[in-house]
Amino acid sequence: MPKFKLEYIWLDGYTPTPNLRGKTQIKEFDSFPALEQLPLWGFDGSSTKQAEGHSSDCVLKPVAIYPDPARTNGALVMCEVMMPDGVTPHASNKRATILDDEGAWFGFEQEYFFYKDGRPLGFPEAGYPAPQGPYYTGVGYKNVGSIARQIVEEHLDLCLAAGINHEGINAEVAKGQWEFQIFGKGSKKAADEIWMARYLLQRLTEKYGVDVEYHCKPLGDTDWNGSGMHCNFSTQYMRETGGKAYFEALMKAFADARADHIAVYGPDNHMRLTGKHETASIDTFSWGVADRGASIRVPHSFVNNGYKGYLEDRRPNSMGDPYQIASQVLKTIATVPTESVSAAA
Ligand code: ADP
Ligand code: MN
Ligand code: MN
Ligand code: MN
């Protein structure tokens, strides 16, 4: 029987945003294991801000498995953290209680910076590189340097080989800044894959001596771009029925729930959502057709199809937890009645 290297991966107890953790166990299986075949495992929660030293055991419960293309007979195992009884979710385990719906589709656009020696990859030791402009979707050494593209290409291949629904890449507005997109049906599926793609990126960049910086405004109050994680979403009702009245009711619900959304859209978002650059100010809510300065951008296709399709919430940031972002979107959508609105329209 082949021996498999199972990398159990979980989110730790750090706030406001958890870190990814992982450790390996070797187990024999006839062939690549199914989720149901994977045992629970434990770890020392006192080292991850998930337990006190005197009672430190936490339990890892496998919830998704992917082939690990970087290892022979490797598997990446996404886990939820449980209490020692193995059934009660740990307080840090947000995934256990979020709303999910297979008919709700999510496309996350993960932006981030590569960092080396305490500054964005490609920045000079002192001062700044040439101003923003040519970097977004740019090509050529002076625009993207010599290793960034190699990393993002390798990352893309790793994600695809792991079965992650990676949809694309682009160089972003700031030098050293990049984006990838992940699409998934269901909030847990899409969010698991963002976390796993983040894991693969961080593991990959180790060998380059490069870090991934997810902070939403790593260069502070400057004209250098911040990093978001736009959340594109659609429910079955939005795609198939929709309509102007439903859309307007939905936008009112989003406006009313503004604070609930901002609370889970990533730390330090006031630094990014200033109203000057990307999206509207953090204190207001607005939507606009093809408007990249709005909180929610409505694609032209949405209006042209009779207010049907998907919407883009531009406010979530690069450090946000996709489980909580997707769940809050579904929570707000759930407050808007479908039948009565379409009947009234
Ligand atoms: P932009 O940079 O112009 O905002 P991207 O192409 O980077 O757009 O990202 C668009 C995202 O929208 C992709 O992740 C894609 O999967 C997602 N998307 C497309 N159609 C839908 C849909 N019906 N429901 C949810 N997400 C969708
Ligand atoms: Mn994009
Ligand atoms: Mn982008
Ligand atoms: Mn976008």
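Residues numbered from 1 in each chain as written. Chains lettered and ligands numbered in written order. Predicted model: local features only at pLDDT ≥ 70, side-chain atom pairs only at ≥ 80, totals over all residues. Heavy atoms only, no water.

K.L.:
Would you mind going over the overall build of the chain with me for this structure?
P.N.:
A count of helices and strands for the chain gives 10 helices and 14 strands. With the C-alpha coordinates aligned to their principal axes, the bounding extent of the chain is approximately 60 × 55 × 40 Å. Residues classed as buried in the chain amount to 53% of the 345 residues present. Sequence-distant contacts in the chain: of pairs separated by 6 or more residues, those separated by 24 or more amount to 67%. With an accessible surface of roughly 15100 Å², the chain has 50% of that area assigned to carbon and sulfur atoms. Of the charged side chains in the chain, 34 are positive and 43 negative; the average position of the first set lies 2 Å away from that of the second. (Helix = DSSP H or I, 4+ residues; strand = E, 2+ residues; numbered from the N terminus. Buried < 20%, exposed > 50% of the residue type's maximum accessible area, 1.4 Å probe, protein only. Contact = heavy atoms within 4.5 Å. Areas by Shrake-Rupley, 256 points an atom, 1.4 Å probe, with all protein chains shown as cover. Lys, Arg positive; Asp, Glu negative; His and termini not counted. Charge placed at Lys NZ, Arg CZ, Asp CG, Glu CD.)

K.L.:
So what exactly am I meant to see when it comes to the layout of surface pockets here?
P.N.:
Where empty space is left in the structure can be found by rolling a water-sized probe over the atoms. By volume, the largest pocket is sized at about 430 Å³. Lining the largest pocket are 19 residues; nearest its centre among them are Asn-19, Leu-20, Gln-202, Val-212 and Tyr-214. Going through the elements one at a time, β2 (20-28), α3 (187-206) and β10 (211-213) are the ones with two or more residues in the lining of the largest pocket. No other element matches α3, which puts seven residues into the lining of the largest pocket. Taken together, the residues that form the lining of the largest pocket break down as eight nonpolar, six polar and five charged. Of the domains in this structure, domain 1 (3-92) and domain 2 (105-344) are the two that each give at least three residues to the lining of the largest pocket. (1 Å grid on protein atoms, 1.4 Å probe; cavity = no way out; pocket = protein on both sides within 12 Å on 5 of 7 lines; lining within 4 Å. Points joined across faces, edges and corners; volume = space filled by probe spheres on them. Nonpolar A, V, L, I, M, F, W, Y, C, P; charged D, E, K, R; others polar. Domains from an automatic or database assignment.)

K.L.:
What is the right way to look at the coordination of the manganese ion (ligand 3) in this model?
P.N.:
Tetrahedral coordination by four donors places them ideally at 109.5 degrees to one another around the metal; octahedral coordination by six donors ideally gives 90 or 180 degrees. Every protein donor of the manganese ion (ligand 3) is listed here as Glu-111 (OE), Glu-172 (OE) and Glu-179 (OE), and their distances to the metal cover 2.0 to 2.2 Å. Mapped onto the sequence, the residues coordinating the manganese ion (ligand 3) show the spacing E-x60-E-x6-E. Taken as a pair, the manganese ion (ligand 3) and the manganese ion (ligand 2) lie 3.7 Å from each other and share Glu-179 as a ligand. Of this pair, Glu-111 sits in strand β6 (residues 105-116) while Glu-179 sits in strand β9 (residues 177-185), and the two are 68 residues apart along the sequence. Looking at Glu-179, the relative accessible area reads 4%, which means it is buried. (Donors = N, O, S within 2.8 Å, 3.2 Å for Na, K, Ca; no water.)

K.L.:
Mind showing me how you'd approach the UniProt feature "domain: GS beta-grasp" (unreviewed entry) in the chain here?
P.N.:
Within the UniProt annotation, "domain: GS beta-grasp" (unreviewed entry) is assigned to residues 4-86. Helix makes up 0% of residues 4-86 and strand 49%, with an end-to-end C-alpha separation of 23 Å. (UniProt positions renumbered as here; feature names shortened; annotations may be inferred.)

K.L.:
Help me out: how do you make sense of the pairing of strand β1 (residues 3-11) in this one?
P.N.:
In the case of a regular strand, side chains alternate between the two sheet surfaces. Most of β1 sits out of view: seven of its nine residues are buried. Sheet analysis places β1 next to β2, joined by nine bridges and oriented antiparallel. By the bridge assignment for β2, Lys-3 is matched with Glu-28. Bridging between β1 and strand β5 (residues 74-82) involves five bridges; their strand directions are parallel. (Pairing = 2+ DSSP bridges.)

K.L.:
Sorry if this is basic, but what is going on with the pairing of strand β4 (residues 57-67) here?
P.N.:
Of the pairings in the sheet, the one linking strand β3 (residues 41-44) to β4 comprises four bridges and is antiparallel in character. Counterpart to Trp-41 in the pairing with β4 is Leu-60. Alignment of β4 against β5, held across eight bridges, turns out to be antiparallel. Bridging across to β5, Ile-65 finds its partner in Val-77. Two successive antiparallel strands, β4 and β5, enclose a turn made up of six residues, where Asn-73 displays a positive phi of approximately 50°.

K.L.:
Would you take a moment to explain the site of ligand 1 for this structure?
P.N.:
Ligand 1 sits among 14 residues. The nearest are Glu-109, Glu-167, Glu-179, Ser-234 and Glu-312. Within the side chain of Gln-181, an N or O atom sits 3.3 Å from an oxygen atom of ligand 1. With respect to ligand 1, the side chain of Glu-312 contributes an N or O atom lying 2.8 Å from an oxygen atom. Notes on ligand 1: free accessible area 580 Å², of which the protein chains cover 75%. For the shell around ligand 1, the secondary-structure elements that each account for two or more residues are β6, β9 and β11 (229-234). A class-by-class count of the residues in the shell around ligand 1 yields four nonpolar, four polar and six charged. (Near = heavy atom within 4 Å. Polar contact = N/O pair within 3.5 Å; in protein donor to acceptor, adjacent residues only side chain to side chain.)

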